[in-house]
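Structural characterization, general
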Amino acid sequence: MEQVLVFGLGGSPMSSNFRLLLMFAVSSGVAVSNYFIPSTLGVVLFSTAMGFLLSLDLSQVGALCHAPRPECKDYGLRRGRSTPRPLSNTFGWKLGCREVLLYASLLLAALAEAGLLHHFDSSPESQSFVKGPQAPVSYLLLVLFSLCWLLREIQGAYVCAGLFLNPVYPKGMSSVQTYKQKNRGLFIAAAIRRVLLYLVSPFALIAFLSMDKSLQQLHGVPLSVGFTRAFRVAWQSSEDALLQVVVVIIVRLAAGNNRLPGWDSLGTGIQLLLVGLLMDRLSQFLAKLKFTLTVLVTSWTEKKQRRQSAGTLLALNASLCPLLLAVVTLSALLSAPLLPLFTLPIFLVGFPRPRRSWPGPVGTACPCPDSIFYQQMSGSLASALKTAFARGSLGSLAPGTHFLGRFQDRMVWIMILERGYGYCTVNIKGLELQETSCHTVEARRVDEVFEAAFERPERLGLTQGLNLHWANSLTPCAALAVRVYSDARNVLSGIIDSHDNLRKLQDDFLKALVWLLLRYCVKKHKGSLWSCDEGTGIGGRKSQSSQQAQTACSQPPEAIVVESKVSSLRFRQDSSSMTSFGDWSDEDDLFGPQPARRTVALVTAEAQSGHTMLQTGASLPGSVEMDSLFENMALSALQPLQPLGLGIGMPAVDKGHNPEIFKESPGSLRQLTFSCPLSEVFNLPTGWRTAPLLPSRLLQLRPLFPEDWFRFALSRFGPVVQSDTSEDMTKALKEDETLKDLHAQVALSCLVGLGAESAFTSPSYIYRLYCGDVPWTEGLEWLSTSKELYQLALRAFRFSFKLLFDQASLGPMESPEDMFSALEEYERDWYIGLVSEKGWHDSVLQEKPFLFSLGHDLSMGTYTGRVLSLQEQLVQVGRLNGEGVRGQWANLSWELLYATNDDEERYSIQAHPFMLRNLTVQAADPPLGYPIYSSAPLHFPCL
C-alpha cells in the first residue's frame, strides 16, 4: 500500500498505519474521479487542487477547528510531556490565519495558471516538442533544476555525494557566533533556493503538465493515474519532481523530431511514474551496494571483525559475485532490506518493510534519568532542523532518511517519517550516554568523522580535500546551533579539603541562611510563598529536593521547654530527642552484623509513618555510627562523641517534679514586641523559636551571627516590601534589636541542628550535609519537624558551598553587594542540588540557566563538582546510509525474533567503527532496541 501510494499516486510514506490507510483511500478516490471527469480542463483543475491539498500537513486541520488556547511564547517543555512544544508564534508551526491565507493564495494562483494555460496553449496539433508551447517551460525547468541542485550542494560540508570537502563551507568553527558570521553568504544562497524550490518550481511544473498534449487522451486508467500522480508530486516533493521532469525532457530533446513509439505512447504521466520508480530503485541499489562492500571489506581489514571464517566467506562471495549482485538487485527491486546474516558477509533478502521500519507507534523508548537532556533539547533542535531543512543543509529529504547528531556525550538519532509541501515529519531519538566500551569506540569514530569535516584548517591540499571517511556509513552534513546544556565536571581537590575554605564555610552558611530567611518573609508578605508540600527549587519554581530533606515528622514528640532569661532571649523547646535510644540493643555486636543506619531520612520517615522513637530506637548514646548513607565514609565525617548527660537525655529526670522543666505549647511563647512597624513583615513562624537548646549554648554561639550582614540585607529587602520606605524607616528597621535577636536565635538553632556550630572538619562531612544525610544532633529532630525551615537550612548550606566553589575559582567577594548579588543570582538562575533529585530533572525541563551538583567518585576517592550551563552550542549532524540502517535493523529483528539470540555479548551488536553497529542497534524501537528517549512524530515547517 505504501509503495502504491508513493509511486502510483504521488504521496508520501506515512508515520502511522491509520494515516496511511486514510491517505491511500483519499488518493485513490482522486484517481478514480479523474477517470470519470469528461472535461480535460476539469481534470487539470481537479488534479491541481487535490494535489496541493493532499500534499499539506492535514494533521493540523483538527487543531484549527478547536477553540484557541493561550500558549507560552517559548518552546519549553511541559512537565511530563515526551514531545517538545514548538514555537507557537513562528510561521508554519501551527496552522493559523497566516498559513491559511498563504495556502489559499497559492491554490488560487495554481488553479488560474493551470486553467488558462491548458485552455489556450494545449493543442493536440502541436506535435513537435522542440517547437511546441512546452519548449520554453522545459528550458526553464532545466535551469531551475541546475540552480536548485547547485545551491543545495554548497550548503553542506561535502559535495559530490560526500567525496570532496565543500570549499565554501565555514572552516574552523570555534563558536556559534563565528559560525553564523561565516555562514551569511550561504544564508543568502539558501533563501534564493527556497524561493525557487517552493514558489517557482511548482508553478513551472504545473505549467509543463497543463500544456502536455497527452492530456487529450485522458480517458484511460494509466493516463488518469499518471497525471493524478504528476500533479500531486509537483507539490508533494518538488525537488524529486524537478529531477523526474528533467530526465523526461532530456530524453525528448535527445530524440529531437524523431518519435519513440514505445516511450511516447505511454504519455507524460506514466513516463514520470516510471522515471520516479526507476530512480528510487537505482538509488536503493547503490546504497545497498555500498553497504555490501563495507561489510565485505571490513570483515577482513578490521582486526576485531576478522573471524576464522572471514577468508572463506570472502572467497565464497568473490566466486559467487553474480549471485551476490542478483541478491542486491532483487532486494532493491522489492524495496526490501538487504539482510547481512548476523552482520557477517552472508546476504539475504529481508522482509519488505515500510519506511519507518517498525510496526508499533512512533515514540516508544526506554526512559532513564538521562532522558531529560534529550527531552529538553528536542524543542530547540526542532527549530534548528526547521531552518536546516528549509536551507537544504542536510541534503535531499526523503522519508526513511536517517541522521545522527553529536554534542559532547549525547547522540541524537533523527529519522524522517513524512515529506510534503512546506512540512516534514520526523522522529527524534536519544541514545544512552557513553557507558559501554562498544558505545565509546563508535562515539570516538563519530567524533573523528565530524572533526575531519568541521574542524579542518583554512587551506587544504589536494589530498586533504578528499573525504577520507567516505566508506563510513556516516557522512557529515552541517552544524546546527541548538540551545543545549553544556556539561562541565571539575575535581574539587584543593577546594573542598582546604582548611581556610572550611573555616570560611561556616560564615557563608549563616549569611546565606539569613538571606533566605529574609527572602522567605518577603515572599510570604507578597503572597507568592511556595507550597511546602511540593518543595521549592532555585528561583522560586516548584521542585523537589532530596528525599532525605523532604521527609519530616508528622507527630512531633512531647514538648519540653527550658526557660531562662539571658540577654533578653527566651529559648524554649517543644520537642526532644533526649529520651530516644534508637537502634541499640544488647544483641549488637561490633564485629558481627552491624546495626541499621540512622540518618535523618530514617528518623523523619519513621516519625512520619506514625512510629515513635522508642519503637524503632536510636543508637546507644556516645557510640559511633559505623554505617552511613555512603559506604566509604571516613570516621572524621561523623559527629564527635557527646559527653554523657549533656543534651542526650541522661541522667533521667522527673518531668513532673523538676521545677526548671515543664510542658508548654508553642502557642504560649512570649509575644514579640518590635520597635519598628515594618519589622512585623520579617517576623518568623512561632515554631521556629522552639529549639530544644540551652540558652547558654546559643549565647556562646552569638558572636558567629553576622550582624552587619543582617542589617545590610534588611536595608535591601526593606524597599522591596514597601516601595515608599523612607530612610528613617529603614534605619529603625535595622536598629530593631528584637527582630535581630529573633533571626539570630533561628539561624544559630539551625546551625546547631546541622552540627555545624564548630568549623567544618572534613570534606566527607560537608558531602553528607550537602546530600541531606545529616548526622544525629540534639536539634536535628526539632529541625526536621519543620519542612520549610529544614528546606531553607539545607538550601543555605548548598548556597554556601557554591559560594566556596566560586570564591576558590574566581577569587573572594570584596563587598556585601557582591555577596547579595551572588545569592540573588543563585536564587534566580541556578538550581543547586543533587542529580538524583526531582528538582534537578524539573529544572532541566524548565531550562534553568545553570545547575550545580556535588558528587563523590567512589573509585578515585575524590569529590567532583558538576555544572550544567544552558547555552547555544553547535550540534554536528551527519547523514547515515539508510540502507545500512535498514539492513542491520532487519538482522536484529530476525536474530531476536527467530534465531532467539539475545546474548548481550553477541557478535552482531559489538562495536563496528564503519557500520556504527552498536549505535544502530540502540536506535531500534523497543523491545529490540533501547533508545532512552523517543519523541512522537514532530511536524516541522520547511517553507
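Side note on the overall build of the protein
Of regular secondary structure, the protein possesses 31 helices and 15 strands. Sorting the 943 residues of the protein into buried and exposed places 54% on the buried side. Intrachain contacts of the protein at a sequence separation of at least 6 include 75% that bridge at least 24 residues. On the protein, roughly 40600 Å² of surface is accessible, and the fraction owed to carbon and sulfur atoms is 61%.

Quick notes on empty space enclosed by the protein
It is the rolling of a water-molecule-sized probe over the atoms that shows where space remains empty. According to the stated counting rule, one finds 13 cavities of 30 Å³ or more in the structure shown. Looking at the second largest cavity, its volume works out to about 130 Å³. Every residue lining the second largest cavity is counted, 17 residues in all, and those nearest its centre are Leu 197, Tyr 198, Ser 238, Glu 239 and Arg 419. Every element with two or more residues in the lining of the second largest cavity is listed here: helix H8 (184-210), helix H9 (221-236), helix H10 (238-255) and strand S6 (410-420). A breakdown of the residues in the lining of the second largest cavity according to their chemical character gives six nonpolar, seven polar and four charged.

Considering the pairing of S6
Burial runs high along S6: 11 of the 11 residues are buried. Sheet topology note: the S6/strand S7 (residues 423-431) ladder contains nine bridges and is antiparallel. Bridging across to S7, Gly 420 finds its partner in Tyr 423.

Notes on the confidence of the model for the protein
Across the protein, the average pLDDT comes to 79, with 79% of residues at 70 or higher. Mean pLDDT across the elements of the protein bottoms out in strand S10 (residues 661-662) (30) and peaks in helix H14 (residues 321-333) (96). Every residue in residues 67-86 scores below 50 in pLDDT, and together they form 46 contacts with partners more than four places removed in sequence or on other chains. Contacts for the low-pLDDT stretch residues 528-668, under 50 throughout, to residues beyond four places or in other chains number 289 contacts.

What to know about unusual backbone geometry
Along the chain, Pro 926 connects to Pro 927 via a cis peptide bond; the corresponding omega equals 10 degrees. Inspection of the secondary structure puts Pro 927 in the loop between helix H31 (917-923) and strand S14 (933-934). Non-glycine residue Leu 916 carries a positive phi angle of around 50 degrees. Within the secondary structure, Leu 916 is located in the loop between helix H30 (882-897) and H31. Judged by its relative accessible area of 2%, Leu 916 falls in the buried class.

Details of H9
For H9, with 16 residues, the first-to-last C-alpha span of 22 Å sits near the 22 Å given by 1.5 Å per residue. Most of H9 is tucked away, with 13 of its 16 residues classed as buried.

Examining the state of the cysteines
What the rule picks out here adds up to zero disulfides. Here Cys 368 stays unpaired: no disulfide links it, and the sulfur of Cys 366, its closest cysteine neighbor, is 9.2 Å away. The exposure class assigned to Cys 368 is partly exposed, which follows from its relative accessible area of 30%.

Observations regarding the packing of aromatic side chains
Each aromatic ring pair is specified by the distance between its two centres and by the angle formed by the two planes. For the structure shown, the criterion picks out 31 aromatic pairs. Judged by centre distance (6.2 Å) and plane angle (80 degrees), the rings of Tyr 826 and Trp 830 are edge-to-face. Across the pair, Trp 830 and Tyr 826 agree in class, each one buried. Cluster of aromatic residues (ring-pair linked, three or more members): Phe 52, Tyr 103, Tyr 198, Phe 203, Trp 235 and Tyr 421. One residue, Arg 307, lies across the ring of Tyr 907, its end atom 4.6 Å from the ring centre. In this arrangement the basic side chain of Arg 353 is found over the ring face of Trp 358, its NZ or CZ atom lying 5.2 Å from the centre.

Digging into the pattern of salt bridges
Under the definition given, this model contains 33 salt bridges. Between Arg 711 and Glu 707 there is a salt bridge, with the nearest N and O atoms lying 3.7 Å from each other. Within this pair, Arg 711 and its partner Glu 707 are both found in helix H22 (residues 707-721), separated by four residues, close to a single helical turn. Residue Arg 711 is classed as partly exposed on the basis of its relative accessible area of 23%. The partner of Asp 773 in a salt bridge is Arg 768, with the nearest N and O atoms 3.1 Å apart. By the burial criterion, Asp 773 is buried, and Arg 768 matches it. Taken together, the shared-partner salt bridges connect Arg 702, Glu 707, Asp 708, Arg 711, Glu 737, Lys 740 and Asp 741 into one network.

Examining helix H16 (residues 437-454)
Here H16 spans 26 Å end to end across 18 residues, near enough to the 26 Å set by a 1.5 Å rise per residue. Among the residues of H16, those classed as buried are Cys 438, His 439, Glu 442, Ala 443, Arg 445, Val 446, Val 449, Phe 450, Ala 453 and Phe 454. Looking straight down H16, one finds that the buried residues subtend no more than 160 degrees of arc, so they occupy a single side.

Some points on a negative patch on the surface
Where like charges cluster on the molecular surface, the negative patch consists of Asp 902, Asp 903, Glu 904 and Glu 905. Considering the arrangement of structural elements, one finds Glu 904 in the loop between H30 and H31.

Some points on the side chain of Asn 881
Take Asn 881: it is sitting in the loop between strand S13 (862-880) and H30. By relative accessible area, which is 14% here, Asn 881 ends up buried. Reaching out from Asn 881, the side chain makes a polar contact with the backbone nitrogen of Glu 883 at a distance of 3.2 Å.

Cut-offs applied
Residues numbered from 1 in each chain as written. Predicted model: local features only at pLDDT ≥ 70, side-chain atom pairs only at ≥ 80, totals over all residues. Heavy atoms only, no water. Helix = DSSP H or I, 4+ residues; strand = E, 2+ residues; numbered from the N terminus. Buried < 20%, exposed > 50% of the residue type's maximum accessible area, 1.4 Å probe, protein only. Contact = heavy atoms within 4.5 Å. Areas by Shrake-Rupley, 256 points an atom, 1.4 Å probe, with all protein chains shown as cover. 1 Å grid on protein atoms, 1.4 Å probe; cavity = no way out; pocket = protein on both sides within 12 Å on 5 of 7 lines; lining within 4 Å. Points joined across faces, edges and corners; volume = space filled by probe spheres on them. Nonpolar A, V, L, I, M, F, W, Y, C, P; charged D, E, K, R; others polar. Pairing = 2+ DSSP bridges. pLDDT = per-residue confidence, 0-100. Expected span 1.5 Å × (residues − 1). Disulfide = S-S within 2.5 Å. Phe/Tyr/Trp six-rings, centres within 6.5 Å; stacked < 30°, edge-to-face > 60°. Lys NZ or Arg CZ within 6 Å of the ring centre and 35° of its normal. Salt bridge = Lys/Arg side-chain N within 4 Å of Asp/Glu carboxyl O. Arc of directions from axis to C-beta. Patch = residues over 30% accessible without salt bridge, like charges linked within 9 Å, V, L, I, M, F, W, Y side chains within 5 Å. Lys, Arg positive; Asp, Glu negative; His and termini not counted. Charge placed at Lys NZ, Arg CZ, Asp CG, Glu CD. Polar contact = N/O pair within 3.5 Å; in protein donor to acceptor, adjacent residues only side chain to side chain.

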